[in-house]
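Results of the structural survey
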Amino acid sequence: MQLGALKALADADRRILDLFESDANRAAEFSASAGNMLFDYSKTQIDENVRAGLSQLCEDAGLAARRDAMFAGEKINETEGRAVLHTALRNLDGGPVEVDGQDVMPEVLDTLQRMRVFAEEVRGGAIAGAGGSFTDVVNIGIGGSDLGPVMATHALAPYHDGPRLHYVSNVDGAHIADTLRQLDPTRTLVIVASKTFTTIETMTNARTARAWMSEGGGDPSRQFAAVSSALDKTQAFGIPEAHVFGFADWVGGRYSVWGPVGLPVMIAVGSNAFDAFLRGGQAMDLHFRSAEWTENMPVMLALVGIWHRQVLGHSSRAVLPYDQRLLRLPAYFQQLEMESNGKSVAMDGSSLTVPSGPVVWGEPGTNGQHAFYQLIHQGTDVIPCEFMVAAEGHEPELTHHHRLLLANCLAQSEALMRGRSLDEARDRMAAKGLTGAELERQARHRVFPGNRPSTTLIYPKLTPFVLGQIIALYEHRVFVEGVLLGINSFDQWGVELGKELATSLGPIVDGEESAQDKDASTAALVAYALKYRD
């Protein structure tokens, strides 16, 4: 089955409501379960024929073999010659995993144990700053070294019983200045997260934090830790080896929250809660490796995405968590998907003949309802929506809040599907006393086209285990989409050119070199900035 053949099954006029009317069991038949989580994709135009065709894509692309190769440590990241083994970081009791004939699990588990000891000693005060036990932790990183732990820290707020967490990523001085201004330099731990310890944004911020700490009476030799594999550079920076936690090159940045990059999260919530997070990811791994395609949650999530983007041509996807603590999840998924599958070249070097990944964006509900839902409901473009919500919240005294939240989430997916016809809108306006041309004009403004697809992921409560399930679910979704498109989801060459040009522009922006070799626009912008240089 080819994607082109699937387009023959696409019917833009097929009404989702009609699919429900013709199949009383549609909600159950077009859902997938993993543990206590339920993924409902019945509010899409996918029927049995479409699903069969999508499943055949998995067979034709050799998805099972590719999946097994990833878990086995084969070098499926072919452009960089690397294995892809973020799954090994959460393989707590799954047995050996070999890369080049070497079992990597002893080192993974040893690093995890070192993290546990360090985190608990920080939390308990055995490791402290010049002024006493740590009250705050500042994580300095960017990209995957920031988005993952930021997202998880917000998500697991009910489990925080350690120091306060802060994150600095932007090289804009405002970010670190605003963060450090509120902290005590003698009771703050700084974690610098950079695998190579050369990332320019991260190291610029790290040097600023070290100077702030030294000038304020803190002790950087005691109050800095690093997530890095460059021991020579961390030592030169003044960080003791016992405070350095490395990870291998078979862990990509956007997949790294499961290991040392998650150290600040472990410090915040404790090693037991972090282990539960890992076990949630491991549970999703086991499900992904064993479930049949139509019952496999990551696979079906991916196939829905393929259907909407590559078959129906919807270029955008909204991720809409109805959980305030998942406010950074859309940004996390944005990097996960767009950095992984934002490609135009297939694995063999040929040009893609189909669109690559969609634009991924979103905000938590219900805030988005008062912002961009207008476009989702009545705009000219169809934007598939991915809702997620917990059955219950963490605040029993505020149950009425959560019931209202849940009702809004379910109402939005129903409204997108059901819509409102012109006749229904006319009846509403007539009930308000309008007649004639004014009734018709007002009614047209109140028409909702409906038939707009959405999926819903519902889970009991946002616990560390459930968060692990969710993150692993979307990781595997991206992997499946990449296999079906024939691309490498694990390199990111698209970020390199801008970084190289920024390095070459540094001396020009500093006024040390001429911009004469730059294009006229860049040269003019540099000249403008230099006019206002202090």
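Here's a quick rundown of the structure. Everything numeric here is computed off the predicted structure, so don't read it as measured data.

Calculation rules
- Residues numbered from 1 in each chain as written.
- Predicted model: local features only at pLDDT ≥ 70, side-chain atom pairs only at ≥ 80, totals over all residues.
- Heavy atoms only, no water.
- Helix = DSSP H or I, 4+ residues; strand = E, 2+ residues; numbered from the N terminus.
- Rg over C-alpha atoms; globule rule 2.2 N^0.38 Å.
- Buried < 20%, exposed > 50% of the residue type's maximum accessible area, 1.4 Å probe, protein only.
- Contact = heavy atoms within 4.5 Å.
- Areas by Shrake-Rupley, 256 points an atom, 1.4 Å probe, with all protein chains shown as cover.
- Lys, Arg positive; Asp, Glu negative; His and termini not counted.
- Charge placed at Lys NZ, Arg CZ, Asp CG, Glu CD.
- Phe/Tyr/Trp six-rings, centres within 6.5 Å; stacked < 30°, edge-to-face > 60°.
- Lys NZ or Arg CZ within 6 Å of the ring centre and 35° of its normal.
- Expected span 1.5 Å × (residues − 1).
- Patch = residues over 30% accessible without salt bridge, like charges linked within 9 Å, V, L, I, M, F, W, Y side chains within 5 Å.
- Salt bridge = Lys/Arg side-chain N within 4 Å of Asp/Glu carboxyl O.
- 1 Å grid on protein atoms, 1.4 Å probe; cavity = no way out; pocket = protein on both sides within 12 Å on 5 of 7 lines; lining within 4 Å.
- Points joined across faces, edges and corners; volume = space filled by probe spheres on them.
- Nonpolar A, V, L, I, M, F, W, Y, C, P; charged D, E, K, R; others polar.
- Pairing = 2+ DSSP bridges.
- Right-handed = clockwise from strand over helix to strand, strands pointing away.
- Axes fitted to C-alpha atoms, helices over the stretch in contact; angles between N-to-C directions.
- Parallel < 35°, antiparallel > 145°, perpendicular 65-115°, else oblique.
- Left-handed = near helix turned anticlockwise from the far one by under 90°.

**Structural notes on the overall build of the protein chain**
- Along its length, the protein chain carries 22 helices and 13 strands.
- The C-alpha radius of gyration of the protein chain comes to 25 Å, within 12% of the 24 Å expected for a compact globule of 534 residues.
- Expressed along its principal axes, the backbone C-alpha trace of the protein chain runs to roughly 75 × 60 × 60 Å.
- Buried residues in the protein chain amount to 51% of all 534 residues.
- Long-range contacts, defined as pairs at least 24 residues apart, comprise 74% of the intrachain contacts of the protein chain with a sequence gap of at least 6.
- For the protein chain, the computed accessible surface area is about 23300 Å², with 50% contributed by carbon and sulfur atoms.
- The protein chain carries 46 positive and 66 negative side-chain charges, and their two centres are separated by 5 Å.

**Considering the environment of Ala-226**
- Within the secondary structure layout, Ala-226 lies in strand β8 (residues 224-227).
- The class for Ala-226 is buried, based on a relative accessible area of 0%.

**Section: the packing of aromatic side chains**
- Applying the stated criterion across every chain yields a total of 17 aromatic pairs.
- Chaining the aromatic ring pairs together yields one cluster made of Phe-71, Tyr-255, Phe-288, Phe-479 and Phe-490.
- A cation sits over an aromatic face here: Arg-26 above Phe-30, 4.3 Å from the ring centre.
- We note Arg-51 situated over the ring of Phe-30; from NZ or CZ to the ring centre the distance is 4.2 Å.

**Examining helix α7 (residues 144-155)**
- The terminal C-alpha atoms of α7 lie 16 Å apart, and with 12 residues this matches the ideal 16 Å at 1.5 Å per residue to within 8%.
- Most of α7 is tucked away: 11 of the 12 residues are buried.
- The elements touched by buried residues of α7 are β5 (136-140), β6 (164-168), β7 (188-193), α12 (263-269), α15 (329-341) and α20 (464-485).

**Let's talk about a negative patch on the surface**
- Taken together, the side chains of Glu-59, Asp-60, Glu-292 and Glu-295 present a region of like negative charge at the surface.
- In this structure, Glu-295 sits in the loop between α13 (271-290) and α14 (297-311).

**So, the layout of surface pockets**
- Taken as a whole, the largest pocket holds about 1200 Å³ of empty space.
- Considering the residues around the largest pocket, the lining is formed by 39 residues, among which Thr-199, Gln-492, Val-495, Glu-496 and Lys-499 are closest to the centre.
- Of all the elements in the fold, those that place two or more residues in the lining of the largest pocket are α7, α9 (200-215), α15 and α21 (496-509).
- With four residues, the top contributor of residues to the lining of the largest pocket is α21.
- Residue composition of the lining of the largest pocket, by class: 14 nonpolar, 16 polar and nine charged.
- Quantified by volume, the second largest pocket comes out at close to 570 Å³.
- As for the second largest pocket, its lining consists of 25 residues, and the residues nearest its centre are Gly-393, Glu-395, His-401, His-402 and Leu-405.

**Focus: the pairing of β6**
- Here β6 lies mainly inside the structure; four of its five residues are buried.
- Two strands pair when backbone bridges link them, and β5 and β6 are joined in this way by five bridges, in the parallel orientation. Following the sheet pairing, Asp-136 is matched in β6 by Arg-164.
- In this region the chain leaves β5, passes through α7 and returns to the parallel neighbour β6; the handedness of that crossover is right-handed.

**What to know about empty space enclosed by the protein**
- The tally for this structure, following the rule as stated, stands at four cavities of 30 Å³ or more.
- Its volume calculated, the largest cavity comes out at about 90 Å³.
- Those elements that provide at least two residues to the lining of the largest cavity are α14, β10 (316-322), β12 (385-390) and β13 (454-459).
- Examining the composition of the lining of the largest cavity, we find that four residues originate from one element, α14, more than from any other.

**A closer look at the sheet that holds strand β11 (residues 359-361)**
- Pairing within the open sheet is mixed, and its six strands lie in the order β1-β2-β13-β12-β10-β11. Two strands in the sheet have a free side with no partner beyond their single neighbour: β1 (31-34) and β11. Strand-to-strand twist across the sheet, computed as the mean angle between neighbouring axes with direction ignored, equals 15°.
- Bridge count for strand β2 (residues 37-40) against β13 is three bridges, and the pairing is antiparallel. The partner of Asp-40 across the bridge, within β13, is Thr-456.
- Contacting β10, β11 and β12, α15 crosses the sheet at an angle of about 165° to β11.
- Across the sheet, helix α17 (residues 399-418) is in contact with β10, β12 and β13; its angle to β12 comes to roughly 155°.

**Describing the packing of α13 against α20**
- Across the interface, α13 lies against α20 with an axial gap of 7 Å and an inter-helix angle of 40°. Viewed along their axes, α13 and α20 adopt a mutual orientation that is oblique. At the point where α13 passes α20, the crossing takes the right-handed sense. Between α13, through Ala-273, Ala-276, Phe-277, Arg-279, Gly-280, Gly-281, Ala-283, Met-284, Asp-285 and Phe-288, and α20, the contact on the second element is made entirely by Pro-464, Phe-465, Leu-467, Gly-468, Gln-469, Ile-471, Ala-472, Leu-473, His-476, Phe-479 and Val-480.
- Here the residues of the contact of α13 with α20 are counted per class, giving 14 nonpolar, five polar and two charged.

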